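Survey of secondary and tertiary structure
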Amino acid sequence: MKMEKKLGALGVFSIGAGAMISSGIFVLPAIAYQNAGSGILIAYFLAGILMLPALFSKLELVTAIPKAGGTYFYIERILGTPYGTVAGFANWFSISLKGAFALIGIGIFATMIGPELSVWHIKSIAIGACIFFTLLNLFSVKTSGYVQIVLVGFLILIMSGYIIYGYRYVDFSHFQGMTHFEWDKILSTTGLVFISYGGITKIASVAEEIKDVQKNL
């Protein structure tokens, strides 16, 4: 069955950006800062650099063979079914973990609206969000693309306001001693935040549904 190509450049950008911005920007930095302190800036930079080889390799494959299935499809065709099976399960597992992390983040952020929420309520909110987004993706990739554009636009607006209005309240003492890094903690934090950039390569999974894939990707 041939899939319909309904995703444009903006939809592709929003899906990739949304997969990175969510938990990677709004949840993970708090955990990473506890480990690396001000070195978190270097950790995020290094993680981004380490993602580039995977990104360029994926782009080369996807633009040449725009097929659904992403990592599984290419590894299965190049190395064979056993390797493709392992890669497929690993890919599914990594997406599941990242999705679970983001969903729990949604539940935890709900406590800012209702501080009296219990652990049970947080889990219920996370489960509800999981069901909602699953149904949304099953309904139509075009619809989910439109929703993603709205959500990413809203996130960028929030971050812009946070930077503009929050700058005056920044405590620069947190960045003192930035020349004295504990590189072991920075490197371990780099591995921790590396998942923040993982969403950008997952766009390969919908390559077959992207219009003019060479241009838009």
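Just above sits the structure.
Everything numeric here is computed off the predicted structure, so don't read it as measured data.

This model, assessed by the stated rule, comprises three aromatic pairs. Ring geometry for Tyr44 and Tyr197: centres 6.5 Å apart, planes at 65°, overall edge-to-face. With Tyr44 in helix H3 (residues 40-64) and Tyr197 in the loop between helix H8 (183-193) and helix H9 (213-216), this residue pair connects regions lying 153 residues apart in the sequence. Judged by its relative accessible area of 14%, Tyr44 falls in the buried class. A relative accessible area of 23% places Tyr197 in the partly exposed class. Consider the rings of Phe73 and Tyr74, whose centres lie 5.4 Å apart with planes at 85°: the pair is edge-to-face. For Phe73, a relative accessible area of 13% corresponds to the buried category.

The next subject is the nonpolar core. Counting 11 residues, the largest nonpolar core is built from Leu7, Val12, Val62, Phe73, Tyr74, Ile203, Ala204, Val206, Ala207, Ile210 and Val213. Contacts of Ala204, omitting those with residues within four sequence positions, involve Lys58, Val62, Lys67 and Gly70. Within the second largest apolar cluster, six residues are counted, among which are Leu28, Ala32, Tyr44 and Ala47.

Here we come to a nonpolar patch on the surface. A contiguous nonpolar patch, built from Ile25, Phe26, Phe109, Met112, Ile113, Phe154, Leu157 and Ile158 and spanning about 850 Å² of accessible area, is present on the exposed surface. Broken down by element, the residue count for the nonpolar patch peaks at three residues, all from helix H7 (residues 141-166). For Phe154, a relative accessible area of 51% puts it in the exposed group.

Now for the pattern of salt bridges. Pairs can form between side chains of opposite charge whenever their charged atoms are close. In total, this model carries two salt bridges according to the counting rule given. Between Glu76 and Arg77 there is a salt bridge, and its shortest N-O distance comes to 3.3 Å. Note on Arg77: relative accessible area 60%, which makes it exposed.

Attention shifts here to unusual backbone geometry. Here the phi dihedral of Asp212 falls at roughly 45°; this positive angle occurs in a residue that is not glycine. Of note, Asp212 is situated in the loop between H8 and H9.

Axis separation between helix H5 (residues 81-109) and helix H6 (residues 119-139) bottoms out at 8 Å; the angle between their running directions is 130°. Comparing their axes, H6 and H5 come out oblique. Pair H5 / H6 crosses with right-handed handedness. Counting all contacts with H5, which are made through Leu103, Ile104, Ile106, Gly107 and Ile108, the residues of H6 involved are Ile122, Ile125, Ala126, Ala129, Cys130 and Phe133.

Calculation rules
Residues numbered from 1 in each chain as written. Predicted model: local features only at pLDDT ≥ 70, side-chain atom pairs only at ≥ 80, totals over all residues. Heavy atoms only, no water. Phe/Tyr/Trp six-rings, centres within 6.5 Å; stacked < 30°, edge-to-face > 60°. Helix = DSSP H or I, 4+ residues; strand = E, 2+ residues; numbered from the N terminus. Buried < 20%, exposed > 50% of the residue type's maximum accessible area, 1.4 Å probe, protein only. Core = buried A, V, L, I, M, F, W, Y, C linked by side-chain atoms within 4.5 Å. Contact = heavy atoms within 4.5 Å. Patch = residues over 30% accessible without salt bridge, like charges linked within 9 Å, V, L, I, M, F, W, Y side chains within 5 Å. Areas by Shrake-Rupley, 256 points an atom, 1.4 Å probe, with all protein chains shown as cover. Salt bridge = Lys/Arg side-chain N within 4 Å of Asp/Glu carboxyl O. Axes fitted to C-alpha atoms, helices over the stretch in contact; angles between N-to-C directions. Parallel < 35°, antiparallel > 145°, perpendicular 65-115°, else oblique. Left-handed = near helix turned anticlockwise from the far one by under 90°.

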